[in-house]
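Results of the structural survey
The chain contents come next:
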Amino acid sequence: MVVKTQVGIIGAGPAGMLLSHLLDQAGIDSVVLERQSREHVVGRIRAGVLEWGTVEILRSAGLGERLDAEGDVHDLIMIARNGEDVLNVPTVSADGRKMMAYGQTAIQEDLFNAGDARGAQVVFEVSDVVPNDVTSARPWISYTADGMSERLDCDFIAGCDGFHGVSRQAIPAQTRSEYEKVYPFGWLGILSETPPLPSLLYATHQRGFALCSMRTPMLSRYYVQCPLEDSVDDWSDDRFWTELFARLPATVSGTIATGPSVEKSIAPLRSFVSEPMRYGNLFLAGDAAHIVPPTGAKGLNLAASDVFYLARGLVDHFNSGNDDYLETYSETALRRVWSSVRFSWWMTQLLHRFPSRSSFEQRIQDDDLAYLWASANARSTLTEQYVGLRLEE
Ligand code: RFL
Ligand code: PHB
């Protein structure tokens, strides 16, 4: 069957569903094609921290109600060093921007519920998705749903299909530049139905990095740096809690309630950028174009800022016939991407143990950390980037 829409969106993650929502608000029609089931997409445990710009985008899109009721605005994060001292770093920027703890799972639910309310066209469990004729004025997407071959004709295709998606591959290799750094460790994360610490705490220690985060007043998220070769089967709950506590000051670990894990997974750490983010009438947004290590809490926020820039370009195209924002989408989005790539890399190399670091490099890392302890200027640089720079006009 052939269906026609204005924007064909591949992927119903945060990027794809937010784009479909923003387009709908401007009266623009879209169809979202998703490989997984809705339950699978909502069940993935991922990011937990929102920049202030993301909070503002969600609020102005009418998605602020639950976020404001359940999201937790924080005015500081803590950094613990070598199990000894704890530094408070403010997360209120000079212009009053803060950060909010609100899980990606909740955002994904909010987006699907809003989609139900507006009658969004989202097709789950599709396969064989291929963007076609993307440099022509009539691009189309072929896919299989319920065993039938289908075709979606559109004016534009938005590739919001994450790092392992097909959209990026539709851009010829000779047109694309890829930049990549793979880190020699992963993060083992658990969810436990126990009360979290009142603030996020990042810990750096000879044994490796750890992070104490949160989802709700009775749901905590904890991570420890682990070797890439490890699997979750190597990590019993007991081993996890013992290792976490070994990396935290006793004054902190003494206040953490332990409990059985209700989710446990390992994520590798990678920085990756593919340029440009536009090829003909195909636009990439979110993880389809870039990946950052989670240390800076930027992945989800970049998906939101890409979509903000892309939606305004598409809205201007359809509603005012003005293509200025579409023409500059890739370069505008990439300026923010690189700023978050650099910040995430910096936080990662500052706080993790690198197995092959020389003694010289280790002393430089130690001093980078000491500078943060010694200088309010160093801390306010971290604050400004953590809560997120303003979006470009
Ligand atoms: P997503 O969320 O990966 O969504 C892409 C969607 O596209 C679908 N898809 C396809 N659909 C149709 N056809 C195909 N061929 C398709 N291929 C893929 C997928 O099923 C999926 O539903 O990308 P999006 O929307 O760009 O959102 C980006 C964020 O999800 C991501 O940046 C963050 O979650 C990254 N991330 C984290 N970020 C943080 O800020 N803090 C974190 O703690 C954090 N933890 C994580 C993470 C990402 C992880 N991944 C990708 C494995 C932990 C993990 C495990
Ligand atoms: C999380 O809560 O999952 C989380 C928080 C902060 C990060 C990364 C992950 O930097």
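In what follows, the structure referred to is the one given above.
Criteria and thresholds
Residues numbered from 1 in each chain as written. Chains lettered and ligands numbered in written order. Predicted model: local features only at pLDDT ≥ 70, side-chain atom pairs only at ≥ 80, totals over all residues. Heavy atoms only, no water. Buried < 20%, exposed > 50% of the residue type's maximum accessible area, 1.4 Å probe, protein only. Helix = DSSP H or I, 4+ residues; strand = E, 2+ residues; numbered from the N terminus. Pairing = 2+ DSSP bridges. Right-handed = clockwise from strand over helix to strand, strands pointing away. Axes fitted to C-alpha atoms, helices over the stretch in contact; angles between N-to-C directions. Left-handed = near helix turned anticlockwise from the far one by under 90°. Contact = heavy atoms within 4.5 Å. Nonpolar A, V, L, I, M, F, W, Y, C, P; charged D, E, K, R; others polar. Core = buried A, V, L, I, M, F, W, Y, C linked by side-chain atoms within 4.5 Å. Expected span 1.5 Å × (residues − 1).

Here we come to the pairing of strand β2 (residues 7–10). In regular strands, side chains alternate between the two faces of the sheet. Burial along β2 is two-sided: Val7 and Ile9 facing one way and Gly8 and Ile10 facing the other are all buried. Both β2 and strand β3 (residues 30–33) contribute to a ladder of four bridges, which runs parallel. When the bridges of β3 are listed, Val7 appears paired with Ser30. Taking the sense of rotation as the criterion, the β-α-β connection linking β2, helix α1 (residues 14–25) and β3 turns out right-handed.

Attention now goes to the packing of α1 against helix α5 (residues 104–118). The contact between α1 and α5 brings their axes to 10 Å, and the two run at 35°. Pair α1 / α5 crosses with left-handed handedness. Residue-level contacts link Pro14, Met17, Leu18, Ser20, His21 and Asp24 of α1 to Gln104, Gln108, Leu111, Phe112, Ala114 and Arg118 of α5. In terms of residue class, the contact of α1 with α5 is built from six nonpolar, four polar and two charged.

This next bit is on the nonpolar core. Grouped together as the largest cluster of nonpolar side chains are 69 residues, with contacts concentrated most on Leu18, Leu19, Leu50 and Leu310. When residues of this core are assigned to their parent elements, the largest contribution, 10 residues, is made by helix α8 (residues 299–320). Ignoring any residue separated from it by four or fewer positions in sequence, one finds Leu310 in contact with Leu19, Ala158, Phe283, Ala285, Leu326 and Tyr329.

Between the first and last C-alpha of α5 there are 21 Å, a value that for 15 residues agrees with the 21 Å anticipated at 1.5 Å per step. Listing the buried residues of α5 in full gives Gln104, Ala106, Ile107, Gln108, Asp110, Leu111, Phe112, Ala114 and Gly115. Against the buried residues of α5 lie α1, α2 (38–43), β4 (49–50), α3 (52–60), α4 (65–70) and α8.

Attention shifts here to the environment of Gln349. In this structure, Gln349 sits in helix α9 (residues 324–351). For Gln349, a relative accessible area of 11% puts it in the buried group. As for Gln349 and Asp368, which are separated by 19 residues in sequence, their C-alpha atoms are 9.9 Å apart. When residues no more than four places from it in sequence are discounted, the contact partners of Gln349 are Phe354, Arg357, Gln365 and Asp368.

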